[in-house]
Amino acid sequence: MSPTTDRIAVVGGSIAGLAAALMLRDAGVEVDVYERSPQPLSGFGTGIVVQPELVRYLMEQGVELDSISVPSSSMEYVDGLTGESFGSVPADWRFTSYDSIYGALYELFGPERYHTSKCLVGLNQDSEAVQLRFSDGTQAEANWLIGADGGASVVRKRLLGVEPKYAGYVTWRGVLQPGEVSDDVWNYFNDKFTYGLLEDGHLIAYPIPGRENAESPRLNFQWYWNVPEGADIDELMTDVRGIRLPTSVHHNSLNPHNLRQFHSRGERLFKPFRELVLNASSPFVTVVADATVDHMVHGRVLLIGDAAVTPRPHAAAGGAKACDDARTLAEVFTRNHDLRGSLQNWETKQLQQGNAYLQKVKEMASRLQHGGSFEPGNPAFAFGLPKVDEPSVVENV
């Protein structure tokens, strides 16, 4: 079948939105991306574990994996306070960064139909089209709308009133350049993924690529804190202006008291982790939250990635899930005669996978955040998406 001639609008210009837009455009579909940020995005250097679904499109376009990722050879499990080893398993994961993946996708898509400063405030649909309204007073119309605007999705909220539910903990993130920690600390974390297990949370650390291909790798870490709902989380998420932010407080907006607390608690950690925390130049904090939906298909509005199922990050496959949603949706639009029927099949499979992944990361969190048994190499907690045995979403035509 030839590709649909319908015009598609993608709200959300991050990894999911760009992946969907690129694959649809490659198939001859007219696509526009609407991104709320006033400029191309930055993940502040945050790390991502490479999954096949995440990099498949880039590799098909000739992007070399070595140019956007660094390798590892093991996973280490240690006490985050004493450094006592709980075990080590061989693991040949590769690590990348948000900036590396997003940057490669954005370069392929280009700026011409990537519209910035487009904050969606409202939408309507009828049997033929979807109308979009943005905060700058502009409007747009398309035959289909793909909501790819992340865990705090405005598309999902406008359609269903669904917002992510706080999971009871936050993650502090930081990235260090070569020379910001001693060689001993650098070598401790290099070439591996390291868990620092605690009774009241956990840490992870691993190398990621430099900002540019020629730059040396960096060290990425996350430190997960349990923070009660109510006054405690409200205080932590209040920025230097006194505004309670819903999702993240970036470094330049951190309340000095909260930054001091971060460093003070870091003093008690095992030395390599302590050095990461104390020497990170721009740490920031993000809430961990969950959400899911009963349907991804809502008339002419389709939800993908975190805008459909918002998972916790512990199985390192949120970006992979988003790219898989995007790829399979593009296949539905470009290869099927019975579009409506195929969309229902697509929804069934992707929701099953997304919800299975959500349950997996919740179980991981129940161990990792509360001092439970987290056995080295336990296959139940392996990185990646769960397998879903469902028929293809694409008809054989």
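The name an unreviewed UniProt entry gives the protein is 2,6-dihydroxypyridine 3-monooxygenase, with Arthrobacter nitrophenolicus as the organism.

Chemist: Just to check I follow, could you spell out the environment of Q369 for this structure?
Modeler: Turning to its location among the elements, Q369 is positioned in the segment after α11 (339–368). Considered as a pair, Q369 and A167 are 202 residues apart in the sequence and their alpha carbons are 11 Å apart.

Chemist: Whenever I open this one, the packing of aromatic side chains confuses me. Can you help?
Modeler: The relative placement of two aromatic rings is captured by the distance of their centres and the angle of their planes. Evaluation of the coordinates by the stated rule reveals 24 aromatic pairs. Between W223 and W225, the aromatic rings sit 5.3 Å apart at their centres with planes inclined by 85°, giving edge-to-face as the arrangement. Given a relative accessible area of 1%, W225 falls into the buried group. Centre to centre, the rings of W223 and F262 are 6.0 Å apart; their planes meet at 50°, and the pair counts as tilted. Of this pair, W223 sits in strand β16 (residues 218–226) while F262 sits in helix α8 (residues 256–266), and the two are 39 residues apart along the sequence. Under the relative-accessibility criterion, W223 is labelled buried at 1%. Of the aromatic side chains, those joined through ring pairs into one cluster are Y77, W93, F95, F193, Y195, Y206, F374, F381 and F383. Across from the ring centre of Y188, 5.6 Å away, lies the NZ or CZ of K192, which sits over that ring. For R300, the ring lying beneath its charged end belongs to W144, and the centroid distance is 4.7 Å.

Chemist: Where do I start with the pairing of strand β6 (residues 85–90) in this structure?
Modeler: The side chains of a regular strand alternate between both faces of the sheet. In this sheet, β6 lies alongside strand β5 (residues 74–79) in antiparallel orientation, the contact comprising 5 bridges. Each bridged residue has a counterpart across the sheet, and for M75 the counterpart in β6 is V89. Hairpin connection from β5 to β6: 5 residues lie between these consecutive antiparallel strands, with G83 at a positive phi of about 85°.

Chemist: How should the packing of helix α1 (residues 15–26) against helix α4 (residues 98–109) be read in this particular structure?
Modeler: A pair of packed helices is captured by two measures, namely the crossing angle of their axes and the spacing between those axes. Where α1 contacts α4, the axes come no closer than 10 Å and their chain directions differ by 30°. Judged on the interaxial angle alone, α4 and α1 are roughly parallel. Relative to α4, the crossing made by α1 is left-handed. In this structure, α1 uses I15, L18, A21, L22 and R25 to contact α4, whose residues at the interface are Y98, I101, Y102, L105, Y106, L108 and F109. Grouping the amino acids of the contact of α1 with α4 by side-chain chemistry returns 11 nonpolar, no polar and 1 charged.

Reading the values: rules and limits
- Residues numbered from 1 in each chain as written.
- Predicted model: local features only at pLDDT ≥ 70, side-chain atom pairs only at ≥ 80, totals over all residues.
- Heavy atoms only, no water.
- Helix = DSSP H or I, 4+ residues; strand = E, 2+ residues; numbered from the N terminus.
- Phe/Tyr/Trp six-rings, centres within 6.5 Å; stacked < 30°, edge-to-face > 60°.
- Buried < 20%, exposed > 50% of the residue type's maximum accessible area, 1.4 Å probe, protein only.
- Lys NZ or Arg CZ within 6 Å of the ring centre and 35° of its normal.
- Pairing = 2+ DSSP bridges.
- Axes fitted to C-alpha atoms, helices over the stretch in contact; angles between N-to-C directions.
- Parallel < 35°, antiparallel > 145°, perpendicular 65-115°, else oblique.
- Left-handed = near helix turned anticlockwise from the far one by under 90°.
- Contact = heavy atoms within 4.5 Å.
- Nonpolar A, V, L, I, M, F, W, Y, C, P; charged D, E, K, R; others polar.

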